[in-house]
Structure formats: C-alpha cells, structure tokens
Amino acid sequence: MAKLVVLDGGSRHGETTSVDEHVQRLLAVSEAPGLLDVYVSADRLTHVRGNAEPAVVFEFAGHESAEGVAPEAIHMPSHR
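A quick note: this is a predicted structure, and the numbers were derived from the prediction, not measured. (Residues numbered from 1 in each chain as written. Predicted model: local features only at pLDDT ≥ 70, side-chain atom pairs only at ≥ 80, totals over all residues. Heavy atoms only, no water.)

Colleague: So what about the pairing of strand S3 (residues 25-29)? Which residues, and what values?
Modeller: Two elements, S3 and strand S4 (residues 35-46), share five bridges in a ladder whose sense is antiparallel. For Val-29, the partnering residue across the bridge sits in S4 and is Leu-36. Hairpin connection from S3 to S4: five residues lie between these consecutive antiparallel strands, with Gly-34 at a positive phi of about 80°. (Pairing = 2+ DSSP bridges. Helix = DSSP H or I, 4+ residues; strand = E, 2+ residues; numbered from the N terminus.)

Colleague: Pulling in residues and values, what's your account of the packing of aromatic side chains?
Modeller: Enumeration according to the criterion identifies one aromatic pair in this entry. Considering the side-chain rings of Tyr-39 and Phe-60, the 5.7 Å spacing of their centres and the 65° angle between planes classify their relative orientation as edge-to-face. Here Phe-60 lies in strand S5 (residues 55-65) and Tyr-39 lies in strand S4, a separation of 21 residues in the sequence. (Phe/Tyr/Trp six-rings, centres within 6.5 Å; stacked < 30°, edge-to-face > 60°.)

Nothing here speaks to function; it is all geometry.
What follows is the structure, encoded as structure tokens:
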C-alpha cells in the first residue's frame, strides 16, 4: 500500500509524492549538478492541503553523488 509523503528541506522542499509503506529513505534529483537529495522518514505526520489523510514527513539528510545510481532508483516527486 502506498503512503503520501511530503519532503522537508533540500531542493525539493514542499513537494509531495507517494511511496510504498516500507520506504524509509528516498533519493530525488537535486538542483546541484551530479548530486541527489537524500530524504529520510522523520516518523511524524503533517496535513497536506487537498488530502484527507496526513502525509509522512521525509526530512532532507544531505546530498549523495548520482554517479553509479540507476535512474529507476531515483524518485521524482510528483506534486508541489
């Protein structure tokens, strides 16, 4: 089952997406060339306008090199 998440911090701050229930770490394309934004579950919920269910907050944890990471392993947030 998918859960709604909202990204807190980094170049994707405020964007939302859906991930599988077991996901605790998310990689997203960064505005910094050659890097990925790393987000980790903060184990807290917040309200997202337009959604009945609360979203899990994923906090920015830093950057990671995109080198060697398969494109399908990079998550593209879908909403802002």
